[in-house]
2 protein chains.
Amino acid sequence: MRSAAGARRPRPRARRGEGDRLRDEILDAAEALLLETGSADKVSTRAVASRVGVSSPSLYLHFPDRASLLFEVCQRQFDKLAALLAAACEGIDDPVDRLRAIGEAYCRFAIDNPQQYRTMMMDVVSGVAYEKDLDEIRAEVGFDIVYQAVVDGIEAGVFTSDQDPLLISFAFWCSAHGLVSLMIAKPSIGFGDPDALIEAVLGQTLDGVRAR
Amino acid sequence: MRSAAGARRPRPRARRGEGDRLRDEILDAAEALLLETGSADKVSTRAVASRVGVSSPSLYLHFPDRASLLFEVCQRQFDKLAALLAAACEGIDDPVDRLRAIGEAYCRFAIDNPQQYRTMMMDVVSGVAYEKDLDEIRAEVGFDIVYQAVVDGIEAGVFTSDQDPLLISFAFWCSAHGLVSLMIAKPSIGFGDPDALIEAVLGQTLDGVRAR
DNA sequence: TGTACATCAGTGAACGCGCGTTCACTGATGTAC
DNA sequence: TGTACATCAGTGAACGCGCGTTCACTGATGTAC
């Protein structure tokens, strides 16, 4: 816990029109706090302000309330995840390989950013109406590129055409999410090498949709 | 919110040795509160006491602290789930049918008791060292009976023997958990008929491990 | 270049709240005689 | 059966805490002249 009067000198006032600098610092601090405490409930306006080195009322110059701040922290994570997933499948033509790459990138993100993933996908962020409809979720968690890979795979004859591609995509997502959310929620289980487990579980799920 | 002085008359003192009556009422109230609020953080000692119609210090006659109370609430849920799963697969010889029955019962429990499932499997219950090791988890979430069904299935030649049965079991659990935890965490997605979705996702997962 | 003034980013103190927990206590129940 | 006493389940008041948010304010920055 670092106080405004502590090690760092008092922050210089933002110049006119530089308001976004503090705004970004607040978001960074909230994100860091979320990461360290592992719980959105612990990301209090006071803790965030103290970390930035600023009084807590000054958050209200940049966000209408705590819920909006937390919402935006999550939003930045979703943007990051979407970019990661898009990058992961870029240039991979084979639908099976592409699906595997997407799944691995998704799981990697979750394992590397467990507290963010928890907040995005597992928690009720208290006071935040963080309810997205299917279209938003589809874009944000990479559902669209999963779906596209599945459709391509069915067309190429490598995936079964017995099932609705939407359902196949969804089941794939369930596997990936189930795996990483268990690893995050129940670390005491002791999962061994995460990468090996990810590969094995995704591989098995992909086998389930192969054409036969 | 019902106060001690409210509608119900002041609760009669427990007789000597009847201390468990209030203890059970406290657990029931905490469980009900968890269900209604959907968040373990909201299950405060004061709210529980007020619901029972008792002063909050009296909780401390039955539980050393709030964390122990919450822990026991969760423990009762795990016991209930284990019993449900055992009942679900009773008398089903075919390993595939048995596995499907276990998975469906597991998902049903989660859908019917979303807040309890959330607390048991998705949340960090604040202040509760609710860390179980693999052996406990295996027993409590029905992992052992899943594993047995998989082993039986491999022996009977209906499941692939390419994979470690432990891994097959785990991937199955990932699917089921992933499905229900998404349904619980992101209700705004709009999942349609839950039973149909459960059947489809589990069926697809089972297809992934069929011998070919 | 110098001065008076306007702007507005950030502050310090305070609000009312609910929390977990402690403590000395009360008074109904049970028991010994 | 009646009485004095011991037990102990449950209480009321209080503790110190951190919270989200408000409000009147300060004082550095920028601007008009």
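Keep in mind that what you see is a predicted model, and the values were worked out from it rather than measured.

*Asks:* Could you give an account of the relation of the copies chain B and chain A, naming the residues involved and the relevant values?
*Replies:* After a rotation of 180° and a shift along the axis of 0.0 Å, chain B superposes on chain A with an RMSD of 0.0 Å. Here the transformation between the copies is reduced to the relation of a two-fold axis. Taken as a fraction of all interface residues of chain B, those also at the interface in chain A reach 100%, which identifies the copy contact as same-surface.

*Asks:* Quick one: what's the story with the packing of aromatic side chains, residue by residue and with numbers?
*Replies:* With the rule as written, the count across this model stands at 8 aromatic pairs over all chains. Measuring from ring centre to ring centre gives 5.9 Å for Phe 170 of chain A and Trp 173 of chain A, while their planes differ by 80°; the resulting arrangement is edge-to-face. With Phe 170 of chain A and Trp 173 of chain A both in helix α8 (residues 165-185) and 3 residues apart, the pair spans about one turn of that helix. We note that Phe 170 of chain A, like Trp 173 of chain A, is buried. Three or more aromatic residues link up through ring pairs in this structure, and these residues are Phe 143, Phe 170 and Trp 173 of chain A together with Phe 191 of chain B.

*Asks:* Residue-level account of the confidence of the model for chain A, with values.
*Replies:* Predicted coordinates in areas of low pLDDT are best not read in detail. On average, residues of chain A score 86 in pLDDT, and 86% of them are at 70 or above. Confidence drops under pLDDT 50 across residues 1-10 of chain A; counting only partners more than four residues distant or on other chains, this segment forms 8 contacts.

Rules used in this analysis
- Residues numbered from 1 in each chain as written.
- Chains lettered and ligands numbered in written order.
- Predicted model: local features only at pLDDT ≥ 70, side-chain atom pairs only at ≥ 80, totals over all residues.
- Heavy atoms only, no water.
- Least-squares fit on C-alpha atoms with pLDDT ≥ 70 in both.
- Contact = heavy atoms within 4.5 Å.
- Phe/Tyr/Trp six-rings, centres within 6.5 Å; stacked < 30°, edge-to-face > 60°.
- Helix = DSSP H or I, 4+ residues; strand = E, 2+ residues; numbered from the N terminus.
- Buried < 20%, exposed > 50% of the residue type's maximum accessible area, 1.4 Å probe, protein only.
- pLDDT = per-residue confidence, 0-100.

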